[in-house]
Amino acid sequence: MLDSVVERTNKYIDSMPKNERKKYGQFFTSKETARFMAELYNIADNKSKISILDAGAGSGILSCALIERLERMDAVQKIELTCYENDDNVLELLRENLLTCQENSKKDIQINIITDNYITSQYLEFNHLIGGNPAPKKYDFVIGNPPYMKIPKDAPEATAMPEVCYGAPNLYFIFAAMGLFNLNDDGKMVYIIPRSWTSGAYFKRFRQYFLKEGKLEHIHLFVSRNKVFDKEDVLQETMIIKVKKTAKTPENVTITSSQSNRDFDNLTSLTAPYGLVVSGNDFFVYLVTDEKEVSVLERLQRFDKTLPDIGLKMKTGLTVDFRNREILRDDAEEGAIPLFYSQHIRQGEVQFPIQKEHEYVVTDKRGLMQDNRNYLFVKRFTAKEERRRLQCGVYLSKNYPQYRKISTQNKINFVDGLITEMSECLVYGLYVIFNSTLYDEYYRILNGSTQVNSTEINAMPVPDLESIQEMGRKLMKSGDMSENNCNVILEGSCG
């Protein structure tokens, strides 16, 4: 059944230009992935009738994979399948594929294809703006590979769901939120989506809604970024999630991983405490894959402070250099101030100048200048293959007494005192934390990208202020800025 569906889908992919499919954020699920997702559902042996929703159904691969699974269950007699799809290009293929499933099935299958916009057609119900009868249709199972496409913050889909949208949203998490809304209580949802939603400020509202209304039961991770979607050139950190619509928090969540979408027979599996995986007021999702990573989170969660709690904050560099070309200078001149880049961070220290172009700026814009005071500079971007994600350097104002102001390029972050200037021992103590193996491992668990996000850093658990200062004093006394020494100091100070 599924083989013929996939074969027709592949012909469609070959015939339809990618830029045309990209208008709808279409990336088709592989056969192996679809079958894996269908197998994730727990289906009671005595359940005779099942209702399914596939929103953004595309060619119907996921629906057909789930029907194929249900074919093996004698108790299931009736299947009600609803598919949303409003791309005219793929509708004929969807109808043909679903008809194939229907004709080859021993079950009573009722199919309903809805061509309305999945989000805007339900916004009144989602926002509780209408009530009464009939009640919004709810389903036992929701399955989906939603469109991956950024949309403007004033797009109809974004304004339809203000509870979950912030900034410039992406259709995939809007679909996921609506999918959860469409579930019956205790219903199950399986979605394949990017992992970007698991942390960061843009997705905070979505996480708060999604993980209050539902609870993660299973997470599947792909080690390879480019082997998830067959016949598609997609470089994306992707995951599969299984969510139950319930307010009751489970004890554990299962996390599996595979190399690719063809390697589901060789899974690594881990059962982790739910409170360790989904944590904090921001509902960050920590994607641990082994006991070592669980230990990292357990060690850090002993700390009950954050940087803002102790009067500090990470901020993003002020100057976008390519947008301010007129103020850039290669050499020092009267009125020029230093512009610090990530290249100035070397072996734990900030070195300036380094004979790099555009090392100075001449400006009177307050938004591009900051006081010359002590900071910890942290690279905002690193290469995927680099050993460390957190790379930092100590900046001391006393080394540049000729300047009242400095500037930082926006590809670095800096930690600053919210009220007063940080002491030298505090800056060195922060260096111990950021240069330690423990915190680098923590950040890799939290964020799969190569960008160091200030929102995430400001939410991470840290020791109290006095402990950090004491670590700084030990580092200054030793003079050894190595990662190994930072590990020793952190372990000795905080256990």
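This text goes with the structure placed above it.
The numbers attached to residues start from 1 for each chain and follow its sequence in the written order. Only residues with pLDDT of at least 70 get local features here, since the model is predicted, and only at 80 or more are side-chain atom pairs given and counted; chain-wide, interface and lining totals rely on the full set of residues. Derived side-chain values reflect all non-hydrogen atoms in the structure, with water molecules and hydrogen atoms excluded from consideration.

Engineer: Please clarify how the overall build of the protein should be interpreted in this entry.
Structural biologist: Runs of E in the DSSP output that reach at least two residues are strands. Runs of H or I that reach at least four are helices, and both are numbered from the N terminus. On a plain count of helices and strands, the protein comes out with 16 helices and 22 strands. Taking 495 residues into account, the globule formula puts the C-alpha radius of gyration at 23 Å, and the protein, at 26 Å, falls close to it. Once the C-alpha set of the protein is aligned to its principal axes, its extents read approximately 80 × 50 × 45 Å. The contact rule is simple, with two residues in contact once any of their heavy atoms fall within 4.5 Å. Sequence-distant contacts, at least 24 apart, represent 77% of the contacts inside the protein between residues at least 6 apart. For the protein, the accessible area works out to roughly 21900 Å², and carbon and sulfur atoms hold 45% of it. Every radius of gyration here is taken over C-alpha atoms, with the globule rule written as 2.2 Å times N^0.38, N being the number of residues. Computed with a 1.4 Å probe, the accessible areas rest on the Shrake-Rupley method; for each residue, only the protein chains presented here act as cover.

Engineer: When you look at the sheet that holds strand 14 (residues 337-340) in this model, what are you seeing that I'm missing?
Structural biologist: Within a sheet, each strand pairs with its neighbour through backbone hydrogen bonds, oriented either parallel or antiparallel. DSSP calls a pair of strands paired once it identifies at least 2 bridges connecting them. Across the sheet, which stays open at both edges, the five strands sit in the order 13-17-14-21-18 with mixed pairing between neighbours. The sheet is open, and its two edges are formed by strand 13 (328-329) and strand 18 (370-371), each paired on a single side. Judged from the two bridges that link them, strand 14 and strand 21 (residues 405-408) form a sheet pairing that is parallel. Bridge pairing in strand 21 links Phe340 to Thr408.

Engineer: Sorry if this is basic, but what is going on with the pattern of salt bridges here?
Structural biologist: It is possible for side chains of opposite charge to pair when their charged atoms get near one another. Salt bridges are identified by distance alone: a Lys or Arg side-chain nitrogen within 4 Å of an Asp or Glu carboxyl oxygen. Counted according to the given criterion, the structure contains 27 salt bridges. One salt bridge in this structure joins Lys242 and Glu217, with 3.4 Å as the shortest N-O distance. Placement of the pair is Lys242 in strand 7 (residues 238-245) and Glu217 in strand 6 (residues 214-222), with a sequence separation of 25 residues. Categorising residues by exposure relies on relative accessible area from a 1.4 Å probe, with only protein chains included: less than 20% of the type maximum marks a residue as buried, more than 50% marks it as exposed, and the intermediate range marks it as partly exposed. On the basis of relative accessibility, which here comes to 6%, the residue Lys242 falls in the buried class. Between Lys292 and Glu441 there is a salt bridge, with its nearest N and O atoms 3.3 Å apart. Remark: Glu441 occurs in helix 13 (residues 437-446) and Lys292 occurs in helix 11 (residues 291-300); sequence separation between them is 149 residues. Taking the relative accessible area as the measure of exposure, Lys292 reaches 54% and is therefore exposed. Judged by its relative accessible area of 23%, Glu441 falls in the partly exposed class. Each of the salt bridges in this network shares a partner with another, and the network as a whole consists of Lys315, Asp371, Arg373, Lys405 and Asp416.

Engineer: Can you walk me through the packing of helix 3 (residues 31-39) against helix 4 (residues 61-70) in this structure?
Structural biologist: Packed helices, taken two at a time, are described by their axes: the angle between them and the distance between them. Relative to each other, helix 3 and helix 4 sit at 50 degrees, their axes nearing to 8 Å. Classified by the angle their axes make, helix 3 and helix 4 are oblique. Our pair here, helix 3 against helix 4, has a crossing hand that is right-handed. Here helix 3 contributes Ala34, Arg35, Met37, Ala38 and Glu39 to the contact with helix 4, which in turn contributes Ile61, Leu62, Ala65, Leu66, Glu68 and Arg69. Residues belonging to the contact of helix 3 with helix 4 are distributed by class as follows: seven nonpolar, no polar and four charged. Here an axis means a line fitted to C-alpha atoms, over the contact stretch when the element is a helix, while the angle between two N-to-C directions is reported on a 0 to 180 degree scale. Note on terminology: angles under 35 degrees are roughly parallel, angles over 145 are roughly antiparallel, angles of 65 to 115 are roughly perpendicular, and the others are oblique. Helix crossings get a hand from a simple test, with the near helix turned counterclockwise from the far one by less than a right angle marking a left-handed crossing and a clockwise turn marking a right-handed one. Residue polarity follows a fixed list, in which Ala, Val, Leu, Ile, Met, Phe, Trp, Tyr, Cys and Pro are nonpolar, Asp, Glu, Lys and Arg are charged, and the others, Gly among them, are polar.

Engineer: I keep staring at the packing of aromatic side chains and nothing clicks. Help me out?
Structural biologist: Two numbers describe a pair of aromatic rings. These are the distance of the centres and the angle of the planes. Ring pairs are drawn from Phe, Tyr and Trp, using the six-membered ring of Trp, whenever the two centres fall within 6.5 Å, and their geometry is named by plane angle: stacked under 30 degrees, edge-to-face over 60, tilted for the rest. Tallied over the full model, the rule gives 30 aromatic pairs. Taking 5.9 Å as the distance between ring centres and 70 degrees as the angle between the ring planes, the aromatic pair formed by Phe340 and Tyr400 counts as edge-to-face. Of the two residues, Phe340 sits in strand 14 while Tyr400 sits in the loop between strand 20 (392-395) and strand 21, which places them 60 residues apart along the sequence. As far as the burial class goes, Phe340 and Tyr400 line up, both buried. Of the aromatic side chains, those joined through ring pairs into one cluster are Phe340, Phe352, Tyr360, Tyr375, Phe377, Tyr395, Tyr400 and Phe414. As a reminder, the over-ring test applies to NZ of lysine and CZ of arginine, requiring each to be within 6 Å of the ring centre and within 35 degrees of the ring normal. Lying across the ring of Tyr139, Lys137 places its NZ or CZ 5.4 Å from the centre.

Engineer: Before we go on, may I ask you to explain unusual backbone geometry in this structure?
Structural biologist: Along the chain, Phe352 connects to Pro353 via a cis peptide bond; the corresponding omega equals -5 degrees. Inspection of the secondary structure assignment puts Pro353 in the loop between strand 16 (349-350) and strand 17 (360-361). For Asp186, which is not a glycine, the phi torsion comes out positive at approximately 70 degrees. Mapped onto the elements, Asp186 comes out in strand 5 (residues 183-194). Look at Gln355: it is not a glycine, yet its phi comes out positive at around 60 degrees.

Engineer: It is not clear to me how helix 8 (residues 171-181) should be interpreted in this structure. Could you clarify?
Structural biologist: A turn of α-helix holds 3.6 residues, and therefore any two residues three or four places apart point the same way. Burial of helix 8 is extensive: eleven of the eleven residues sit out of reach of the surface. Burial in helix 8 covers these residues: Leu171, Tyr172, Phe173, Ile174, Phe175, Ala176, Ala177, Met178, Gly179, Leu180 and Phe181.

Engineer: I'm lost on the nonpolar core in this one. Help?
Structural biologist: General note: in soluble globular proteins, nonpolar side chains tend to be found buried as a group. With 138 residues, the main nonpolar core has Trp197, Phe210, Leu216, Ile219, Ile241, Leu376 and Phe434 as its most contacted residues. The leading source of residues in this core is helix 8, at ten residues. Residue contacts for Ile241: discarding those within four places in its chain leaves Met189, Val190, Tyr191, Ile193, Trp197, Phe210, Leu216, His218 and Ile219. As used in this record, nonpolar core signifies buried Ala, Val, Leu, Ile, Met, Phe, Trp, Tyr and Cys residues forming a set joined through side-chain atoms within 4.5 Å. Formed by 14 residues, the second largest nonpolar core is a distinct cluster that contains Ala336, Tyr375, Tyr400 and Ile406.

Engineer: Please clarify how the sheet that holds strand 8 (residues 252-258) should be interpreted in this entry.
Structural biologist: With respect to topology, nine strands assemble into an open sheet ordered 3-2-1-4-5-7-6-8-9, the strand pairing being mixed. Of all the strands in the sheet, the pair left with one neighbour each is strand 3 (108-114) and strand 9 (268-273). Taking the axes of each pair of neighbouring strands and ignoring which way they run, one obtains an average angle of 15 degrees across the sheet. As defined by bridge partners, strand 8 adjoins strand 9 across six bridges and the pair is classed as antiparallel. Directly across from Thr254, in strand 9, lies its bridge partner Thr271. On the sheet, helix 4 packs against strand 1 (49-55), strand 2 (78-84), strand 3 and strand 4 (139-144) and is oriented at approximately 160 degrees with respect to strand 1.

Engineer: Just checking my understanding: could you explain the pairing of strand 19 (residues 375-379) for this structure?
Structural biologist: The side chains of a regular strand alternate between both faces of the sheet. Burial of strand 19 is extensive: five of the five residues sit out of reach of the surface. Residues Tyr375, Phe377 and Lys379 point to one face of strand 19 and Leu376 and Val378 to the other, with burial holding for every one of them. Here strand 19 runs beside strand 20; their pairing, made up of four bridges, is antiparallel. Bridge pairing in strand 20 places Leu376 opposite Val394. Here strand 19 runs beside strand 22 (residues 412-417); their pairing, made up of four bridges, is antiparallel. In the strand pairing of strand 22, Leu376 is matched with Val415.

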